[in-house]
Amino acid sequence: LPGSRNVSGNTILSYRDTFKILLTFMRDCKSTDPDKVSFKDLDRTTIEEFLAYLEDDLHCSASTRNQRLAALKSFFRFVQVERPDLLAECQAILTIKNKKSPKPVIDYLTGEETELLFQQPDTTTQKGRRDLALLTLMYDSAARVQEICDLKVSCISLKAPAVIRLYGKGRKTRTVPLDAPCVEIVRKYMEENHLNRSEMTNTPLFFNSRREKLSRSGVGYILTKYVEQANENGGHISEKITPHCLRHSKAMHMVEAGINLIYIRDFLGHESIETTQVYAKANPE
């Protein structure tokens, strides 16, 4: 996976998890210990039973089931080249079809809800100022949560025109412009934490009390905290809001502002304009 296909770390972790679950299934449902599993045990019938196990026993959605199947198919494509004697068994598994799954509804914040969220961090405290910079930059750059977690000081330039370099999905890099209000908030945060010094270029832009980069769950916790706080202060923000919803919100607000979909596609780092069009379809106006 990393050597020949150059897939991302997250893809490798997803494939790893698939095989951990598969080996657990073989042990618990097929009475075959992981070190005893062989190719003769992994026929089409077994793989179909495993997919049913994901949905019936683990209560996975159809999209998760399809994701696990994709990992297995990738493996068996590799096997059929390395072991031509197993070609028929591999091709039988490769013909298993994906299950149709409903397209998820795009959750996003309105302009008023976004403003309310940004009013929640207590800017009289250092942590509150960090959280405001984090939320503002996530929204303004439409970054994925992992892209924000991986940001280093060297990835951001606050000199006009201010830009941020994001290293994201599919190992692709994109450069995104930043608006003046966001630049000012981030500049103050960086000055306060001495991140504008030359020796700090490889330091994580956002870090916890141990000076370690924030994790995805850490960013999610911060956002959830302020969503709950906003609702306590009279807001009506959905409790389902996740860090990815800030990315959706920026995209929707760009669509509402009449910005060309081609530009929005490049801004978000989408491969296809069809992916970007879901935002236009989600807005009846």
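Whatever comes next refers back to the structure up there.
Keep in mind the model is a prediction, meaning the values are calculated, not measured. Counting restarts for each chain, with residues numbered from 1 along the sequence as it is written. Where local features are concerned, this predicted model is filtered to residues with pLDDT of at least 70; where side-chain atom pairs are given and counted, the filter is 80 or more; whole-chain, interface and lining totals use all residues. Water and hydrogen atoms were dropped before computing side-chain values, which therefore reflect all heavy atoms in the structure.

## Thoughts on the sheet that holds strand E1 (residues 156-157)
- Two strands make a pair as long as DSSP finds a minimum of two bridges between them. The numbering of helices and of strands both runs from the N terminus, where a helix is a DSSP run of H or I of at least 4 residues and a strand a run of E of at least 2. Taken together, 3 strands build an open sheet; the order of strands is E1-E2-E3 and the sheet is antiparallel. For this open sheet the edge positions go to E1 and strand E3 (172-177), each flanked by a neighbour on one side alone.
- Alignment of strand E2 (residues 163-168) against E3, held across 6 bridges, turns out to be antiparallel. Each residue of the ladder has a partner; that of Tyr 167, found in E3, is Thr 173.

## Some words on the pattern of salt bridges
- Salt-bridge detection follows one rule: a side-chain nitrogen of Lys or Arg within 4 Å of a carboxyl oxygen of Asp or Glu. Applying the stated criterion to the full structure yields 20 salt bridges.
- Residue Asp 131 is joined to Arg 130 by a salt bridge in which the shortest nitrogen-to-oxygen separation is 2.7 Å.
- The rule is simple: take the accessible area with a 1.4 Å probe, protein chains only, and divide by the maximum for that residue type; under 20% is buried, over 50% is exposed, in between is partly exposed. Classification of Asp 131 as buried rests on a relative accessible area of 1%.
- Measuring nitrogen to oxygen at the nearest pair gives 3.4 Å for the salt bridge that ties Glu 184 to Arg 187.

## Comments concerning the packing of helix H6 (residues 126-141) against helix H8 (residues 180-192)
- Between N-to-C directions, angles cover 0 to 180 degrees, with each direction set by a line fitted to C-alpha atoms, over the stretch in contact for helices. The contact between H6 and H8 brings their axes to 9 Å, and the two run at 140°. In terms of orientation, H6 and H8 fall into the oblique class. Pair H6 / H8 crosses with left-handed handedness. Each of Gln 126, Arg 129, Arg 130, Leu 132, Ala 133, Thr 136, Leu 137 and Asp 140 in H6 lies in contact with H8, whose residues at this interface are Cys 182, Ile 185, Val 186, Tyr 189 and Glu 192.
- Residues are grouped as follows: Ala, Val, Leu, Ile, Met, Phe, Trp, Tyr, Cys and Pro are nonpolar; Asp, Glu, Lys and Arg are charged; all remaining types, including Gly, are polar. A breakdown of the residues in the contact of H6 with H8 according to their chemical character gives 7 nonpolar, 2 polar and 4 charged. Should an angle fall under 35 degrees it is taken as roughly parallel, and over 145 as roughly antiparallel, whereas 65 to 115 is taken as roughly perpendicular and any remaining angle as oblique. Crossing chirality is assigned from the near helix's rotation relative to the far helix, an anticlockwise turn below a right angle marking it left-handed and a clockwise turn marking it right-handed. Any pair of residues with heavy atoms lying within 4.5 Å of one another is described as a contacting pair.

## So, unusual backbone geometry
- The amide bond that connects Ala 160 to the next residue, Pro 161, takes the cis arrangement and shows omega of -10°.
- With respect to the helices, strands and loops of the structure, Pro 161 is situated in the loop between E1 and E2.
- Positive phi, normally seen in glycine, also occurs at His 59, with a value near 55°.
- Relative to the helices and strands, His 59 is located in the loop between helix H2 (44-56) and helix H3 (62-82).

## Focus: the nonpolar core
- Core analysis: the biggest nonpolar cluster contains 55 residues, and Leu 137, Met 190, Leu 205 and Phe 206 have the highest contact counts within it.
- Mapped onto this core, the elements with two or more residues apiece are helix H5 (111-118), H6, helix H7 (145-149), E2, H8, helix H9 (216-232), helix H10 (243-256) and helix H11 (261-268).
- In terms of residues, this core owes the most to one element, H6, which gives 7 residues.
- Put simply, a nonpolar core is a bunch of buried Ala, Val, Leu, Ile, Met, Phe, Trp, Tyr and Cys residues held in one set by side-chain atoms that sit within 4.5 Å of each other. In this structure, Leu 42, Leu 72, Phe 76 and Ile 93 belong to the second largest nonpolar core, which totals 18 residues.

## Points about the packing of aromatic side chains
- Any two of the Phe, Tyr and Trp rings considered here, Trp counted by its six-membered ring, make a pair once their centres fall within 6.5 Å; the pair's planes then place it as stacked at under 30 degrees, edge-to-face at over 60, or tilted in between. For the coordinates displayed, the defined rule picks out 9 aromatic pairs.
- Consider the rings of Tyr 189 and Phe 206, whose centres lie 5.3 Å apart with planes at 25°: the pair is stacked. Remark: Phe 206 occurs in the loop between H8 and H9 and Tyr 189 occurs in helix H8; sequence separation between them is 17 residues.
- Judged by its relative accessible area of 2%, Tyr 189 is buried.
- Residue classification places Phe 206 among the buried residues on the basis of a relative accessible area of 2%.
- Taken together, Phe 19, Phe 39, Phe 75 and Phe 76 form an aromatic cluster joined through their ring pairs.

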